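Each chain, written out:
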Amino acid sequence: MNWLKLREAIVPDAHPTVVPPKIKLPVLPTVVLQFAKLAEDPDAAPKELGQIIETDSTLTCELLRYSNSSAFATRQKVANPQQAITRIGIRAAKMFLLSTAVQQTMKASKSKLINIQNLWLTNLERALFAREIARKLRADADLAYSGSLLQDFLLPVLSNEMFDEYFQYLQSFDDGRTTLTDFELQHFGWDHTLATAQVLQGWGFPPELVCCVRLHHRGLAALDDQEIGKSAAAAIAVAALMPDPMRQSPRGLEQLMSLDEIWPQFQLAETAASVDEQLKELTPLAASHATLARRLEKHCAPAALG
């Protein structure tokens, strides 16, 4: 798939930025930018790349936790960034570190409207879910994970600076029909998928990540798209239907359950349960999080009693 060609079509360089000038954008850590730049060098070695990451203790811990997780199905633990990069690969390490750095900036954000911890947990769960869907599609699971982590990182900033408009959306949620992106297009003439993709493009992120973020609200239609239907972008679009603090897709859970009825390999309940376990492995905060698995159990309980 030609991600660069797609990126040029959906996030053109000549298009003016839609983010209002008054909004102060987050800044990525210098360590991550240095790593990303060196990772583009075909002669770069894991040792050299690992030495860059070692200068940031937080990123080192996150990379080790990720590379030692059950996702890589190995009992032997890695002990340093070099070993982690060797295990998961330079490209996967680059995407993970970029997405982790953006997540850190999101967690440090302040929002009068969004509970940042809830949003972060939702993003992490959604990323794990997108990775599982990508594997079912035989698509790039690492890209699905990273793209899903990145998709909403700008929402805390946007909702804080444009509080009245986003508060209006949450107040009007009872109609159950209007999605967040529809609301944004009606009120701003742009939505957060374009705003976020433009920011990532400006930071020099890979075109595949930019595309996945731009397309993450395509919903189930992404699966039928001839160009992206079997790609990580489709997996991310499916995962984006999961319930979240901003209630971006009012009928998202219903659509996921509908997909489960027509796609035998989807296995919604089983996949959600697996993701629930993975989330618990990654963070103790998962214990208090309303995961998709728990929502499904609650949704199905009345039917079982009936």
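Before any of the text, the structure's been laid out above.
For clarity, every value in this text was computed on a predicted model and none was experimentally measured.

Here we look at helix α4 (residues 57-67)
Item 1. Inspection of α4 places Leu59, Thr60, Leu63, Leu64, Tyr66 and Ser67 among the buried residues, and these make up the whole buried set. Down the axis of α4, the buried set is contained in an arc of 165°. They therefore lie on one face.
Item 2. Among the structural elements, α2 (30-39), α3 (46-53), α5 (81-88), α6 (90-107), α7 (116-137) and α8 (141-150) are those in contact with the buried residues of α4.
Item 3. With a side-chain oxygen lying 3.1 Å from the backbone nitrogen of threonine 58, the N-terminal cap of α4 falls on aspartate 56.

Observations regarding the packing of aromatic side chains
Item 1. Enumeration over the complete set of coordinates arrives at 11 aromatic pairs.
Item 2. An angle of 80° between the planes, with centres 6.2 Å apart, marks the rings of phenylalanine 129 and phenylalanine 266 as edge-to-face. Of this pair, phenylalanine 129 sits in helix α7 while phenylalanine 266 sits in the loop between α16 (252-262) and α17 (268-282); the two residues are 137 residues apart in sequence, bridging distant segments of the chain.
Item 3. For phenylalanine 129, a relative accessible area of 1% gives the class buried.
Item 4. Among the residues examined, phenylalanine 266 registers a relative accessible area of 0% and is labelled buried.
Item 5. Their ring planes at 55° and their centres at 5.4 Å tell us that tyrosine 169 and phenylalanine 183 sit as a pair that is tilted. Here tyrosine 169 is found in helix α10 (residues 163-171), whereas its partner phenylalanine 183 is found in helix α11 (residues 180-188), with 14 residues between them in sequence. Comparing tyrosine 169 with phenylalanine 183 shows no difference in burial state: the two are buried.
Item 6. The structure contains a cluster of three or more aromatic residues connected by ring pairs, namely Tyr66, Phe96 and Tyr145.

Points about the nonpolar core
Item 1. Membership of the largest hydrophobic core comes to 106 residues, with the highest contact counts inside it found for Phe35, Phe129, Tyr145, Tyr166, Phe205, Phe266 and Leu292.
Item 2. What leucine 292 contacts, discounting residues up to four positions off in sequence, is Glu125, Phe129, Met242, Pro243, Leu253, Leu256, Leu268 and Ala272.

Brief notes about the pattern of salt bridges
Item 1. Considering all chains together, one arrives at 13 salt bridges under this definition.
Item 2. A salt bridge links glutamate 254 to arginine 251, with the shortest nitrogen-to-oxygen separation between them at 2.9 Å.
Item 3. On the basis of relative accessibility, which here comes to 43%, the residue glutamate 254 falls in the partly exposed class.
Item 4. In this structure, a network of salt bridges that share partners links the residues Asp276, Glu277, Lys280 and Arg294.

Some remarks on the packing of α7 against helix α15 (residues 232-239)
Think of two packed helices as two axes; the pair is described by the angle between the axes and how far apart they sit.
Item 1. The interhelical angle for the contact between α7 and α15, taken along N-to-C directions, is 135°, at an axis separation of 8 Å. By the angle between their axes, α7 is oblique relative to α15. The two elements α7 and α15 cross, and the hand of that crossing is right-handed. Every residue of α15 that contacts α7 at Arg126, Phe129, Ala130, Ile133, Ala134 and Leu137 is listed here: Ala234, Ala235, Ile236, Val238 and Ala239.
Item 2. Taken together, the residues of the contact of α7 with α15 sort by class into 10 nonpolar, no polar and 1 charged.

Focus on the environment of valine 32
Item 1. Summarising the element assignment, valine 32 is placed in helix α2.
Item 2. It is 21 Å that separates the C-alpha atoms of valine 32 and proline 156, two residues lying 124 residues apart in sequence.
Item 3. Not counting the four nearest positions on each side in its chain, valine 32 is found in contact with Leu59, Leu97, Leu98 and Ala101.

Quick word on the state of the cysteines
Item 1. Under the criterion given, the structure shown has 0 disulfides.
Item 2. Counting only cysteine sulfurs, cysteine 211 is the nearest neighbor of cysteine 212, a cysteine outside any disulfide, at a range of 6.9 Å.
Item 3. On the basis of relative accessibility, which here comes to 0%, the residue cysteine 212 falls in the buried class.

Re the packing of α4 against α5
Item 1. One can describe the packing of α4 onto α5 by two numbers: an axis separation of 9 Å at closest approach and a directional angle of 40°. Classed by the angle they form, the pair α4 and α5 counts as oblique. Considering only the axes of α4 and α5, their crossing is left-handed. Contacts between α4 and α5 pair Thr60, Leu63, Leu64, Tyr66 and Ser67 from the former with Pro81, Ala84, Ile85, Arg87 and Ile88 from the latter.
Item 2. Looking at side-chain class alone, the contact of α4 with α5 contains 7 nonpolar, 2 polar and 1 charged residues.

Cut-offs used in this document
Here the residue numbers are simple positions, counted from 1 along each chain's written sequence. Side-chain atom pairs in this predicted model are given and counted only at pLDDT of 80 or more, local residue features only at pLDDT of at least 70, and totals for whole chains, interfaces and linings cover all residues. Side-chain numbers here rest on the full set of heavy atoms in the structure, without hydrogens or water. Residue exposure (1.4 Å probe, protein chains only): buried if accessible area is under 20% of the type maximum, exposed if over 50%, otherwise partly exposed. Numbering goes from the N terminus for both helices and strands, where a helix is a DSSP run of H or I of at least four residues and a strand is a run of E of at least two. The arc in question is the one traced by the directions running from the helix axis out to the C-beta atoms. Whether two residues are in contact is decided by their heavy atoms: any pair within 4.5 Å suffices. The definition of a polar contact used here is a pair of N or O atoms within 3.5 Å, where within protein one atom must be able to donate a hydrogen and the other to accept one, and adjacent residues in sequence count solely through side-chain atom pairs. In this scheme Phe, Tyr and Trp rings, the latter by its six-membered ring, pair at centre separations within 6.5 Å, and the angle between planes marks the pair as stacked below 30 degrees, edge-to-face above 60, and tilted otherwise. Each nonpolar core is a collection of buried residues, namely Ala, Val, Leu, Ile, Met, Phe, Trp, Tyr and Cys, held together in the definition by side-chain atoms within 4.5 Å. For this analysis, a salt bridge means a side-chain nitrogen from Lys or Arg found within 4 Å of a carboxyl oxygen belonging to Asp or Glu. Helix axes use the C-alpha atoms of the stretch in contact, all axes being lines fitted to C-alpha atoms, and the angles between their N-to-C directions lie in the range 0 to 180 degrees. Roughly parallel means an angle under 35 degrees; roughly antiparallel, over 145; roughly perpendicular, 65 to 115; everything else is oblique. Definitions for this section: a left-handed crossing has its near helix turned counterclockwise from the far helix by less than a right angle. A right-handed crossing has that turn clockwise. Three categories are distinguished: nonpolar for Ala, Val, Leu, Ile, Met, Phe, Trp, Tyr, Cys and Pro, charged for Asp, Glu, Lys and Arg, and polar for the others, with Gly belonging to the last. To count as a disulfide, a pair of cysteine sulfur atoms needs to be within 2.5 Å.

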